[in-house]
Amino acid sequence: MRLGFNFTLGDTYDMAQRLIGEGHIDYCEFLIDNFFCVDPDELAKAFDCPVGLHIMYSKFLEADRPTLVDFAARLRDYIDALNPIYVSDHILRFSHEGRAFFHLGEIDYSAEYESVRDKVVQWQEIVGQRIHFENYPSIMDGGVEAPAFFERLMKETGAGVLFDASNAVCANRNCGTPFEAWRNVIAAAQHFHVAGYRQSLIEPFISLDTHAEALAPDTLAFLQNYRSVFDKPGATMTYERDDEIEFDAIVADLKVLRDLFGQPEERRHDLALTA
């Protein structure tokens, strides 16, 4: 299992480089929307490590084709320059009947499968490559249908799933989606996210995917219980931290993950050659 860190803002550039230089991570994931202002070749030269590209605001379920073609053309420049180990996006809603959500919205898994499937096929065709789609930290009861939805989506579109382990923990806490229901999705996925979460401050109390806390005990227990399903050749686990960004705290969580999953194959090979 290769460990990575999500690089979301230029302010964390020095810290991301230090994580790479000190061997705490094996690759870096860019929230690529935030770096469309940086020349792709310049970005490629700035990171001496493999990279992943994570898309936040393609809005591919809602945007019209010309908008997606324009977004994909900009994205393509970065894909060609950086040769990422994966490209990922989100299945969620940004608006309803023309009104923007204050918080990102979850789809209706039972009612929207066919339309989402067709959009996924279209979006992969426009970008020109396989995309891995992230599961949502479900709040409503319909979240129990998410595992079967993603399993079917992979089979019918060739898309991948970027499985967010902490989102699955939030879904389990909020609406009871069983961890075991995700087993086939995890087994088929190669790329993963993990982060901290917290309880909301007001009722109804729900678990929020905040990316601002240390990894929770139930998240680590989930990873431990399914470790053999997560870990496989080529697998990546990106640690997300978007707030309360403190180097030692991040390194402490990365060490826990390294102890859990061990050294990646490439690094073990390197060590063998230099021993």
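Residues numbered from 1 in each chain as written. Predicted model: local features only at pLDDT ≥ 70, side-chain atom pairs only at ≥ 80, totals over all residues. Heavy atoms only, no water.

- If you look the protein chain up in an unreviewed UniProt entry, it shows as Methanobactin biosynthesis cassette protein MbnB from Methylocystis rosea.

Details of a negative patch on the surface
Then step 1. Side chains of Asp39, Asp41, Glu42 and Asp77 sit close together on the surface and give a patch of like negative charge.
Then step 2. In this fold, Asp41 is placed in helix H2 (residues 40-46).
Then step 3. You can call Asp41 partly exposed: its relative accessible area is 46%. (Patch = residues over 30% accessible without salt bridge, like charges linked within 9 Å, V, L, I, M, F, W, Y side chains within 5 Å. Areas by Shrake-Rupley, 256 points an atom, 1.4 Å probe, with all protein chains shown as cover. Salt bridge = Lys/Arg side-chain N within 4 Å of Asp/Glu carboxyl O. Lys, Arg positive; Asp, Glu negative; His and termini not counted. Charge placed at Lys NZ, Arg CZ, Asp CG, Glu CD. Helix = DSSP H or I, 4+ residues; strand = E, 2+ residues; numbered from the N terminus. Buried < 20%, exposed > 50% of the residue type's maximum accessible area, 1.4 Å probe, protein only.)

Observations concerning the packing of helix H1 (residues 13-21) against helix H10 (residues 247-261)
Then step 1. Orientation of H1 relative to H10, taken along the N-to-C sense of each, is 40°, at an axis distance of 12 Å. Pair H1 / H10 crosses with right-handed handedness. Contact residues: H1 offers Met15, Arg18 and Leu19, while H10 offers Phe247, Ile250, Val251 and Leu254.
Then step 2. A breakdown of the residues in the contact of H1 with H10 according to their chemical character gives six nonpolar, no polar and one charged. (Axes fitted to C-alpha atoms, helices over the stretch in contact; angles between N-to-C directions. Left-handed = near helix turned anticlockwise from the far one by under 90°. Contact = heavy atoms within 4.5 Å. Nonpolar A, V, L, I, M, F, W, Y, C, P; charged D, E, K, R; others polar.)

Section: H1
For the α-helix, the turn length of 3.6 residues means that residues three or four positions removed from each other point alike.
Then step 1. Three or more residues of H1 are buried, namely Met15, Ala16, Leu19 and Ile20. Taken around the axis of H1, the buried residues stretch over an arc of 140°, which confines them to a single face. In H1, the exposed positions angled more than 90 degrees off the buried face are occupied by Asp14 and Gly21.
Then step 2. On its buried face, H1 sits against strand S1 (2-7), strand S2 (27-31) and H10.
Then step 3. One or two positions beyond H1, positive phi appears at Gly23, with a value near 75°. (Arc of directions from axis to C-beta.)

As for helix H4 (residues 113-127)
Then step 1. If you check H4, its first and last C-alpha atoms are 21 Å apart, about what 15 residues at 1.5 Å a residue would give, namely 21 Å.
Then step 2. Within the sequence span of H4, burial applies to Tyr113, Val116, Val120, Trp123, Gln124, Ile126 and Val127. For H4, the buried positions fall inside an angular range of 160° around the axis, keeping them on one side.
Then step 3. On its buried side, H4 packs onto helix H3 (65-82), strand S4 (87-90), strand S7 (132-134) and helix H5 (146-157).
Then step 4. Positive phi shows up at Gly128, right after H4, with a value of about 90°. (Expected span 1.5 Å × (residues − 1).)

Digging into the side chain of Lys232
Then step 1. When you line up the elements, Lys232 lands in the loop between helix H9 (227-230) and strand S12 (236-239).
Then step 2. Despite its burial, Lys232 pairs with no opposite charge, the nearest such side chain being Asp231 at 7.5 Å.
Then step 3. Polar contacts involving the side chain of Lys232 include one to the main-chain carbonyl oxygen of Ile186, which spans 3.0 Å.
Then step 4. A polar side-chain atom of Lys232 sits 2.9 Å from the main-chain carbonyl oxygen of Val229.
Then step 5. In this structure, Lys232 is in contact with Ile186, Ala187, Ala189, Gln190 and Phe192, ignoring residues within four places of it in sequence. (Polar contact = N/O pair within 3.5 Å; in protein donor to acceptor, adjacent residues only side chain to side chain.)

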